[in-house]
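What follows is the residue order along each chain.
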Amino acid sequence: MTPLKHARKKRKWRLSDVCDRVNEIGRRLDTGNLSRIERGKQTPSPEMAESLAKVFMEDGLSEMQIISPERYQIEATQ
């Protein structure tokens, strides 16, 4: 599981919850793009990675973990 998805699941947020928070800080993000970013199928722009890192600042999520999730995979737990 990518660090971004792990952080979202930890907070029990839906994709739309994250998108709403990103949109509040001035970036446009929809659930489809967020889903692809979470799965490592789409690389976010540096600006989007910064916005996502701000949303998850309390979780210690870094821009690098969002841009290169394959380097930081987390084992999914039940």
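Residues numbered from 1 in each chain as written. Predicted model: local features only at pLDDT ≥ 70, side-chain atom pairs only at ≥ 80, totals over all residues. Heavy atoms only, no water.

Asker: When you look at the nonpolar core in this model, what are you seeing that I'm missing?
Answerer: One broad trend across soluble globular proteins is that nonpolar side chains are buried collectively. By size, the foremost hydrophobic cluster in this structure holds 17 residues, and its most contacted members are Leu29, Leu52 and Phe56. When residues of this core are traced back to their parent elements, those giving at least two are α1 (3-11), α2 (15-24), α3 (31-38) and α4 (46-55). The element best represented in this core is α4, accounting for five residues. Excluding anything up to four places from it in sequence, Leu52 contacts Leu4, Val18, Val22, Leu29, Leu34, Ile37 and Ile66. (Core = buried A, V, L, I, M, F, W, Y, C linked by side-chain atoms within 4.5 Å. Buried < 20%, exposed > 50% of the residue type's maximum accessible area, 1.4 Å probe, protein only. Helix = DSSP H or I, 4+ residues; strand = E, 2+ residues; numbered from the N terminus. Contact = heavy atoms within 4.5 Å.)

Asker: Explain unusual backbone geometry to me, please; I cannot follow it from the model alone.
Answerer: Leaving glycine out, the prevailing phi sign among residues is negative, and the prevailing peptide bond configuration is trans. Even without glycine at this site, Lys12 takes up a positive phi of about 60 degrees. On the basis of relative accessibility, which here comes to 74%, the residue Lys12 falls in the exposed class.

Asker: Whenever I open this one, α4 confuses me. Can you help?
Answerer: Structurally, the α-helix is built with 3.6 residues per turn, so residues lying three or four positions apart point the same way. By the burial criterion, the buried members of α4 are Met48, Ala49, Ser51, Leu52, Ala53 and Val55. Looking at the buried residues of α4, the elements they touch are α1, α2, α3 and α5 (63-67).

Asker: Before we go on, may I ask you to explain the pattern of salt bridges in this structure?
Answerer: Pairs can form between side chains of opposite charge once their charged atoms are near each other. Counting across every chain of the model gives six salt bridges. The salt bridge partner of Lys10 is Asp59, with a shortest N-O separation of 3.6 Å. Highlighted residues: Lys10 in helix α1 and Asp59 in the loop between α4 and α5, separated in sequence by 49 residues. Given the relative accessible area of 56%, Lys10 is considered exposed. Here the residues in one salt-bridge network are Lys10, Arg11, Glu58 and Asp59, joined through shared partners. (Salt bridge = Lys/Arg side-chain N within 4 Å of Asp/Glu carboxyl O.)

Asker: Hey, could you run me through the packing of aromatic side chains in this one?
Answerer: For any pair of aromatic rings, geometry is given as the distance between the ring centres together with the angle between the planes. Applying the stated criterion across every chain, the model contains one aromatic pair. Between Trp13 and Phe56 the ring centres are 5.4 Å apart and the planes differ by 45 degrees, which places this aromatic pair in the tilted class. Remark: Phe56 occurs in the loop between α4 and α5 and Trp13 occurs in the loop between α1 and α2; sequence separation between them is 43 residues. Exposure remark for Trp13: the relative accessible area of 15% places this residue in the buried category. Take Phe56: its relative accessible area is 0%, and that puts it in the buried class. Note that Arg21 overlies the ring of Trp13, its terminal NZ or CZ placed 4.0 Å from the centroid. (Phe/Tyr/Trp six-rings, centres within 6.5 Å; stacked < 30°, edge-to-face > 60°. Lys NZ or Arg CZ within 6 Å of the ring centre and 35° of its normal.)

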